[in-house]
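# Descriptive structure summary
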Amino acid sequence: MTSSIGSIGSTAIVTGAGRGFGRAIATALSATGAHVVGVARDASALNELRDELGDTFTPVAADAADPAIAGRLLDEYSPRTLVLCAGAAPRMAPLHEQTWESFSQNWNMDVAQAFHWTRYALRRPLAPGSTVIAMSSGAAVKGSPLSGGYAGAKATVRFITGYAAAESQRAGLGIDFVSVLPQLTPATELGAKAVAAYAERQGVDVETFLASSGPALSAEQVGKSVLQIADGDHGEHLAYLLTASGLVALD
Ligand SMILES: NC(=O)c1ccc[n+]([C@@H]2O[C@H](COP(=O)([O-])OP(=O)(O)OC[C@H]3O[C@@H](n4cnc5c(N)ncnc54)[C@H](OP(=O)(O)O)[C@@H]3O)[C@@H](O)[C@H]2O)c1
């Protein structure tokens with residue numbers, strides 16, 4: 001598939017662009033010729049990416065869960081593609097070793113981000129033909145007993161995206177809302193921590209744990225799959241599981 005600026009749109013916003021999946025998604029979108037606005041809190045990681053991608057990448061050091069940031073950036077850039085990829089790394093510990101603060105961190109970050117950006121995308125609204133892609137997780141289906149409120153928060157991200165798709169359709173806005181549920185992978189900082197915790201719980205080393213879970217998803221594959229969705233090359237589905245074999249429609 002050859003993507004082009006025509007189908008992706010001239011401007012994309014990617015939250016969590018500093019590292020991991022978000023960085024790979026920003027890189028993939030940038031390769032289509034799109035102007036990519038990347039959001040993360042660490043300015044140095046974003047500046048490094050700008051050095052790599054050039055002036056068509058605009059770094060914005062900010063908290064993506066802040067509603068004022070969502071409103072300001074959607075007004076300023078009117079993106080045709082919005083990818084909500086930023087996410088808090090959950091504290092890896094069993095339920096009884098969590099505090100309410102640690103249990104709820106993905107609600108205060110991931111769910112708050114999905115709520116504020118999605119709400120503003122509908123109210124503004126974004127232009128017809130725009131696509132909003134939210135990063136949920138395979139954990140939203142299977143649960144994740146060592147990561148506190150993470151799985152429930154990611155299930156809620158998927159619900160929010162589905163509710164928004166229905167509202168877009170009711171109002172004839174022509175905005176696509178899609179959620180992506182990647183499988184756990186050691187390819188990123190967040191994923192590597194989770195893999196290490198599950199391996200330890202099973203009493204095996206990380207290599208043995210990974211050998212039993214099939215081929216690992218890479219950040220580049222996530223970038224490619226998100227591009228496929230942003231390109232409109234994904235059918236009419238609202239949610240996709242994402243493994244090393246690619247996207248599988250869920251609903
Ligand atoms: N890796 C996996 O196995 C996996 C599986 C399923 C789903 N996911 C989801 O995929 C997404 C990306 O994960 P990843 O594995 O790429 O994680 P990662 O390597 O830890 O990267 C997370 C990115 O999000 C940014 N971020 C975190 N909190 C932020 C905030 N409040 N405001 C702005 N940016 C923020 C981080 O930058 P700063 O810290 O500088 O802000 C970083 O750029 C997450 O939503 C995650 O839950 C990951």
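Residues numbered from 1 in each chain as written. Predicted model: local features only at pLDDT ≥ 70, side-chain atom pairs only at ≥ 80, totals over all residues. Heavy atoms only, no water.

### Some words on helix 8 (residues 150-170)
Between its first and last C-alpha atoms helix 8 spans 30 Å; for 21 residues at 1.5 Å apiece the expected length is 30 Å, and the two agree. Those residues of helix 8 that sit buried are Tyr150, Ala151, Ala153, Lys154, Ala155, Thr156, Val157, Ile160, Thr161, Ala164, Ala165 and Ser168. Here the buried face of helix 8 lies against helix 6 (105-123), strand 5 (131-135), helix 7 (139-142), strand 6 (176-182) and helix 9 (189-202). (Helix = DSSP H or I, 4+ residues; strand = E, 2+ residues; numbered from the N terminus. Expected span 1.5 Å × (residues − 1). Buried < 20%, exposed > 50% of the residue type's maximum accessible area, 1.4 Å probe, protein only. Contact = heavy atoms within 4.5 Å.)

### Some words on the packing of aromatic side chains
Throughout the structure, instances matching the rule amount to two aromatic pairs. Geometrically, the ring pair formed by Trp100 and Phe103 is stacked, given 5.5 Å between the ring centres and 20° between the ring planes. Within this pair, Trp100 and its partner Phe103 are both found in helix 5 (residues 100-103), separated by three residues, close to a single helical turn. Ring geometry for Phe159 versus Tyr163: centroids 6.1 Å apart, planes at 20°, classification stacked. Note that Phe159 and Tyr163 are positioned in helix 8 at a spacing of four residues, about one turn of the helix. Taking the relative accessible area as the measure of exposure, Phe159 reaches 49% and is therefore partly exposed. (Phe/Tyr/Trp six-rings, centres within 6.5 Å; stacked < 30°, edge-to-face > 60°.)

### What about empty space enclosed by the protein?
One pass over the full model with this rule turns up one cavity of 30 Å³ or more. In this structure, the largest cavity occupies an estimated 40 Å³ of space. Every residue along the wall of the largest cavity is listed here: Leu84, Asp110, Gln113, Ala114, Ala134, Met135, Lys154 and Val157. A total of three residues in the lining of the largest cavity trace back to one element, the largest contributor, which is helix 6. Across the lining of the largest cavity, the residue classes break down as five nonpolar, one polar and two charged. (1 Å grid on protein atoms, 1.4 Å probe; cavity = no way out; pocket = protein on both sides within 12 Å on 5 of 7 lines; lining within 4 Å. Points joined across faces, edges and corners; volume = space filled by probe spheres on them. Nonpolar A, V, L, I, M, F, W, Y, C, P; charged D, E, K, R; others polar.)

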